[in-house]
Amino acid sequence: MNTKLLASFAVFVLLAAVVSVSMTNSAFAAEDKKAEMKAKKDDKKTAIKEKKDTKKAEMKAKKDDKKTAIKEKKDTKKAEMKAKKDTATGQTSAKAAPSGEALKEVTVDMAKGTASDTNCGDKCYLPSTVAVTVGGKVTWKNVDSAAHTATASDGSFDTSLVNAGASASNTFNTAGSYPYMCILHPWMKGTVTVQ
Ligand SMILES: [Cu+2]
């Protein structure tokens, strides 16, 4: 009887020991798992932060690029506006001093050598400024060896190509000042005043 009780007690103790060891083990395992999870979480956090920082830097770089592009565009526009203003001023002074009386018909020579002489100035078209009455006619006579055009800056008239030795005319029915140029040799410039 006593032996049986002792044996039962021994079995109980053994069982308790086994259970306790296994619980301790599993507690350690849980601890390990926790630590691992934390490490993983930290890694993830770091990765996310790094990604965010990279994204931020990229966005900033993009923004800076955009700013530079906008500034460059603005500068170009400014320069264009200034050039336009300068041209307008030049036209006004030409208008203020018209050369000669308005005629019903005028002939303008497309002068010799103007295809290569970029400095022909007011001697590209001869004369470079002419005045006609409303309804008047201007005839361009090409006395050069190269083809030329007389093309209005505002697109209101265009002789198109006038070959060497040929002529082309345009009738002006609306009063105003009509600056024109040669589309092949843009340094050739003239003005027709209609009054
Ligand atoms: Cu020309």
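Procedures and definitions
Residues numbered from 1 in each chain as written. Predicted model: local features only at pLDDT ≥ 70, side-chain atom pairs only at ≥ 80, totals over all residues. Heavy atoms only, no water. Helix = DSSP H or I, 4+ residues; strand = E, 2+ residues; numbered from the N terminus. Contact = heavy atoms within 4.5 Å. Areas by Shrake-Rupley, 256 points an atom, 1.4 Å probe, with all protein chains shown as cover. Disulfide = S-S within 2.5 Å. Buried < 20%, exposed > 50% of the residue type's maximum accessible area, 1.4 Å probe, protein only. Donors = N, O, S within 2.8 Å, 3.2 Å for Na, K, Ca; no water. Patch = residues over 30% accessible without salt bridge, like charges linked within 9 Å, V, L, I, M, F, W, Y side chains within 5 Å. Salt bridge = Lys/Arg side-chain N within 4 Å of Asp/Glu carboxyl O. Core = buried A, V, L, I, M, F, W, Y, C linked by side-chain atoms within 4.5 Å. pLDDT = per-residue confidence, 0-100.

**Student:** How would you explain the overall build of the chain if you had to name every residue and give the values?
**Tutor:** Each helix and strand counted, the chain has one helix and seven strands in total. Ordered by position from the N terminus, the helices and strands of the chain form the series α-β-β-β-β-β-β-β. Sequence separation of at least 24 residues holds for 63% of the intrachain contacts in the chain that already meet a minimum separation of 6. By element, 62% of the accessible surface of the chain is carried by carbon and sulfur atoms, the whole surface being about 14400 Å².

**Student:** Could you give an account of the state of the cysteines, naming the residues involved and the relevant values?
**Tutor:** A covalent bond bridging the sulfur atoms of two cysteines is what the word disulfide describes. Counting across every chain of the model gives one disulfide. Shown here is the disulfide that connects Cys120 with Cys124, its sulfur atoms set 1.9 Å apart. With the S-S dihedral at roughly 95°, the linkage between Cys120 and Cys124 falls on the right-handed side. Neither residue differs from the other here; Cys120 and Cys124 are each classed as buried.

**Student:** I'd like to hear about unusual backbone geometry, residue by residue, with values.
**Tutor:** That bond from Leu126 to Pro127 is cis: its omega, -10°, falls within 30 degrees of zero. Relative to the helices and strands, Pro127 resides in the loop between strand S2 (125–126) and strand S3 (129–142). In this structure, Ser160 takes a positive phi of about 55° despite not being glycine. Relative to the assigned elements, Ser160 resides in the loop between strand S4 (151–152) and strand S5 (167–172). The exposure class of Ser160 is partly exposed, given its relative accessible area of 42%.

**Student:** Can you explain the coordination of the copper ion? Please cite residues and give values.
**Tutor:** Each angle at a metal carrying four tetrahedral donors should ideally be 109.5 degrees, and each at a metal carrying six octahedral donors should ideally be 90 or 180 degrees. Protein-derived coordination of the copper ion comes from His148 (ND1), Cys182 (SG) and His185 (ND1), at a distance range of 1.9 to 2.2 Å. Along the chain, the residues that donate to the copper ion are spaced as H-x33-C-x2-H. Linking His148 in the loop between S3 and S4 with Cys182 in the loop between strand S6 (176–181) and strand S7 (189–194), this pair joins segments that are 34 residues apart in sequence. Summarising the burial analysis for this pair, His148 and Cys182 share the class buried.

**Student:** So what's going on with a nonpolar patch on the surface? Which residues, and what values?
**Tutor:** A cluster of nonpolar side chains, namely Leu161, Ile183 and Leu184, defines an oily patch on the protein surface of about 290 Å² accessible area. Looking at the secondary structure, you find Ile183 in the loop between S6 and S7.

**Student:** Describe the nonpolar core, naming the residues involved and giving the relevant values.
**Tutor:** Within the largest apolar cluster, 22 residues are counted, with the highest numbers of intra-cluster contacts made by Tyr125, Trp140, Phe172 and Val192. Those elements giving two or more residues to this core turn out to be strand S1 (103–110), S3, S5, S6 and S7. Top element by residues in this core is S3. It accounts for four residues.

**Student:** Kindly report on the confidence of the model for the chain, identifying the contributing residues and their values.
**Tutor:** Close reading of the predicted structure is inappropriate where its pLDDT is low. Put simply, the chain has an average pLDDT of 80, and 64% of its residues get 70 or more. Confidence drops under a pLDDT of 50 for residues 82–98, and excluding neighbours within four residues, the segment shows two contacts in the predicted structure.

**Student:** Which residues make up the pattern of salt bridges, and what values do they have?
**Tutor:** A side chain of one charge can pair with a side chain of the opposite charge if their charged atoms are brought near each other. Taken as a whole and assessed by the stated rule, the structure comprises one salt bridge. Residue Asp122 pairs with Lys123 through a salt bridge whose shortest N-O separation is 3.5 Å.

**Student:** Break down the environment of Gly135 for me, with residues and values.
**Tutor:** Looking at the secondary structure, you find Gly135 in strand S3. On the basis of relative accessibility, which here comes to 24%, the residue Gly135 falls in the partly exposed class. Separated by 30 residues in the primary sequence, Gly135 and Glu105 have C-alpha atoms spaced 9.3 Å apart. Those residues within four positions of Gly135 in sequence are excluded, and the remaining contacts are Lys104, Thr171, Phe172 and Asn173.

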